[in-house]
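Structural description and commentary
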Amino acid sequence: MTKKRLLDCCASDVVNMDRETLLYAIRASEGRVLVSETIAITQPLLNNVSNAELAASQGADILLINMFDLESPEIKGLPADIAPQHILQALQKLTGRIIGVNLEAVDSEFASSHDDIWKMKPGRMATAENARKLIEMGAKILVLTGNPNNGVSNRALGLAINDIRQTVGDHAVVITGKMHGAGVVRESGAAIISEEDVAWFASQGADVVLIPAPGTVPGMSQEKVTSLIACAHAHGALAMTTIGTSQEGADVSTVRQIALMSKMAGADLHHIGDTGYMGIALPENIMAYSIAIRGVRHTYTRMARSINR
């Protein structure tokens, strides 16, 4: 297919987009790609419309699904008659967007047992087999990261990249990193990721390194994030800044500030998290973030472009 900026891609472009074309489309968009994360298993904000569809309506280019369990595939709010193995393909068809899914790399040294919503399940583990299944189901992006308290370490993430890259080859874009401590206190705050981690992730096969956005994790200043992104670029990887600290539920002015700091730091992709209330960022913050990094023209174009194009 013809290579285009993701900004200019419509639903028919997305269907057949492979890893190389997607990475080109992101690079060519020059820091104007918005990733919105939503939770698969929570009650949707609009009851009978999935949170992912709502995020798409507010200008998101890429829909990232969290808490998607391959042993019991479900995205609440989608039509009930969709077969489990076709859920991700159906979401892509309904939204015309690139679909990504989170996988978690739990470190046995830090694994914890808890009973809250984030409780770890085998169908969400960052294994080569789970990665293969997700690609067969329609995922074009795999994000190796961690939910709260599950014990996900940078070491475990790095090892998982290698296994998954060898299995999926060029069939998916692999993004790696932590948005918060994920249950490993010594890898939280300013110590959440180092330049050594960034370089290692890239050498293991990560296409994109995930870095907390400035102002979201203690110690992650604009200057620090800038240096981490520069390191990712120097090692041939792209960088995605993330809001994984519930600030997706902050006021619009805070979200705009994070967006601009992330862009000044050099982000290739901008991620906004899944827990404004629970399950999705505040919809107005998704649109505000989009407008901050690319203005109303590209935001309204993404919102208005028919999925039948």
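Residues numbered from 1 in each chain as written. Predicted model: local features only at pLDDT ≥ 70, side-chain atom pairs only at ≥ 80, totals over all residues. Heavy atoms only, no water.

Looking up the chain in an unreviewed UniProt entry gives the name Haloacid dehalogenase-like hydrolase, with the organism given as Rahnella perminowiae.

Secondary structure assignment for the chain yields ten helices and eight strands. For 309 residues, the compact-globule formula gives about 19 Å, and the C-alpha radius of gyration of the chain, at 17 Å, lands near that figure. For the chain, the C-alpha atoms occupy an extent of roughly 45 × 40 × 40 Å along the three principal directions. The buried share among the 309 residues of the chain stands at 58%. Contacts in the chain between residues far apart in sequence, at least 24 positions, make up 77% of those at least 6 positions apart. Surface summary for the chain: the accessible area is close to 12,000 Å², and the carbon and sulfur share equals 51%. Distance between charge centroids for the chain: 7 Å, based on 27 positive and 32 negative side chains. (Helix = DSSP H or I, 4+ residues; strand = E, 2+ residues; numbered from the N terminus. Rg over C-alpha atoms; globule rule 2.2 N^0.38 Å. Buried < 20%, exposed > 50% of the residue type's maximum accessible area, 1.4 Å probe, protein only. Contact = heavy atoms within 4.5 Å. Areas by Shrake-Rupley, 256 points an atom, 1.4 Å probe, with all protein chains shown as cover. Lys, Arg positive; Asp, Glu negative; His and termini not counted. Charge placed at Lys NZ, Arg CZ, Asp CG, Glu CD.)

Of all five residues making up strand 7 (residues 238-242), five are buried, and the element is well covered by its neighbours. By the alternation rule, side chains of strand 7 split into Leu238, Met240 and Thr242 and Ala239 and Thr241, which are all buried. Since strand 6 (residues 208-212) and strand 7 lie parallel, the crossover through helix 8 (residues 222-234) that links them has a hand, and here it is right-handed. As paired elements, strand 7 and strand 8 (residues 269-272) share two bridges and run parallel to each other. Within strand 8, the residue paired with threonine 241 across the bridge is histidine 270. Tracing the backbone out of strand 7, into helix 9 (residues 252-265) and back to the parallel element strand 8 gives a crossover that is right-handed. (Right-handed = clockwise from strand over helix to strand, strands pointing away. Pairing = 2+ DSSP bridges.)

Mapped onto the elements, alanine 230 comes out in helix 8. The sequence separation of alanine 230 and glutamine 257 amounts to 27 residues, and the corresponding C-alpha distance is 21 Å.

Once that is clear, we can look at the layout of surface pockets. Here the largest pocket defines a volume of roughly 200 Å³. Contributing to the lining of the largest pocket are 19 residues, with Asn147, Pro148, His180, Gly244 and Asp274 lying nearest its centre. Residues that form the lining of the largest pocket fall into these classes: four nonpolar, twelve polar and three charged. (1 Å grid on protein atoms, 1.4 Å probe; cavity = no way out; pocket = protein on both sides within 12 Å on 5 of 7 lines; lining within 4 Å. Points joined across faces, edges and corners; volume = space filled by probe spheres on them. Nonpolar A, V, L, I, M, F, W, Y, C, P; charged D, E, K, R; others polar.)

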